[in-house]
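# Structural overview
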Amino acid sequence: MGGDGCRSYVHVSAGHGGKGGSGTVIVVYTPEEGYYAEYAKEVQEGGEIRKVKGWQTHAFTSNGVFTLKQPMTLQVLLVGGGGAGAHANNVRGGGGGAGGFLLLDRVVLPAGEHAVTVGKGGVAVSENGTSSVFAGHTALGGGGGGQSWNPPLDGKEGASGGGGGSQGGVNKAGGAA
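I will try to describe carefully the structure that is included in this document. The residue numbers shown here count from 1 along each chain, following its written sequence. Under the rules for a predicted model, residues below a pLDDT of 70 receive no local features and side-chain atom pairs below 80 are neither given nor counted, while totals for whole chains, interfaces and linings still include all residues. With hydrogens and water set aside, each side-chain value is computed from the structure's full complement of heavy atoms.

Attention now moves to the pattern of salt bridges. Note that side chains of opposite charge can pair when their charged atoms are close. We define a salt bridge as a contact between a side-chain nitrogen of Lys or Arg and a carboxyl oxygen of Asp or Glu at a distance within 4 Å. Going through the model one piece at a time under the given rule, you end up with 1 salt bridge. Glu48 is the salt-bridge partner of Arg50, the closest N and O atoms lying 2.5 Å from each other. Each residue is placed in one exposure class: buried if its accessible area under a 1.4 Å probe, protein chains only, is under 20% of its type's maximum, exposed if it is over 50%, and partly exposed if it falls in between. Judged by relative accessible area, which is 51%, Arg50 ranks as exposed. Of the residues examined, Glu48 reaches a relative accessible area of 42% and is grouped as partly exposed.

The structure is reproduced here in structure tokens:
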């Protein structure tokens, strides 16, 4: 469920709510084990590549392509973009909701190019974040925050709904998850 309209807010004396954070997609595998050991140095391409304690990671912070030179079983983390906060002009605008989180333990992919879509955070007032997508799996974006004034808006639905806004007895509901 989203914010409660009374306690989930950002109080700003004038201005607009903050922008939502960017999503990410991280692909992880262990190249030193089993069938893949002989291909460890040149199996995959795409994203920022790092090796951490025997694990190879490919981190995407923007859209890209993950290329496999043979079929593999991977672990994947997807995070959607966060929702933007609401307008606040001597009112209490709701905060944007968090982007969805999806952790996949065994994703089997064939050799070839695989599109990676990284969710963007909401930029405009009360704008939802967008979803991150990889290999047919989706982590939804967060909902934009609600506001009680000019114009009144409920928090928007999203992976985590945006918080509601409140001012002078006008309470707007938070968005649903």
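This part takes up the pairing of strand β2 (residues 24-29). Counting from the N terminus, the helices are the DSSP runs of H or I reaching at least four residues and the strands are the DSSP runs of E reaching at least two. Of all 6 residues in β2, 5 are buried; the element is thus mostly enclosed. When β2 meets strand β7 (residues 72-79), the two strands line up antiparallel, connected through 5 bridges. Considered in β7, the bridge of Val27 is made with Val76. Strands were regarded as paired on the criterion that DSSP finds at least two bridges between them. Note: β2 against strand β5 (residues 55-60), 5 bridges, orientation antiparallel. Bridge assignment links Val27 to a residue of β5, and that residue is His58.

Bringing the pairing of β7 into the picture now. Most of β7 is tucked away, with 6 of its 8 residues classed as buried. Relative to strand β9 (residues 101-109), β7 is paired through 7 bridges, and the arrangement is antiparallel. Across the sheet, Val79 pairs through a bridge with Phe101, a residue of β9.

Residue Ser126 is not a glycine yet carries a positive backbone phi of 65°. Of note in the backbone geometry, Ala135 takes a positive phi value of approximately 55° without being a glycine. Tracing the backbone shows Ala135 in the loop between β11 (132-134) and β12 (137-139). We classify Ala135 as partly exposed; its relative accessible area is 31%.

Moving on: the packing of aromatic side chains. Centre distance within 6.5 Å is the pairing criterion for rings of Phe, Tyr and Trp, where only the six-membered ring of Trp is used; planes under 30 degrees apart are then read as stacked, over 60 as edge-to-face, and the remainder as tilted. Scanning the model with the defined rule gives 1 aromatic pair in all. Between Phe66 and Phe134, the ring centres sit 6.0 Å apart and the planes meet at 80°, which makes this aromatic pair edge-to-face. With a gap of 68 residues between them, Phe66 in strand β6 (residues 64-68) and Phe134 in strand β11 connect regions that are remote in the sequence.

Note that every value here comes from positions in space, so none of it alone points to a role or purpose.
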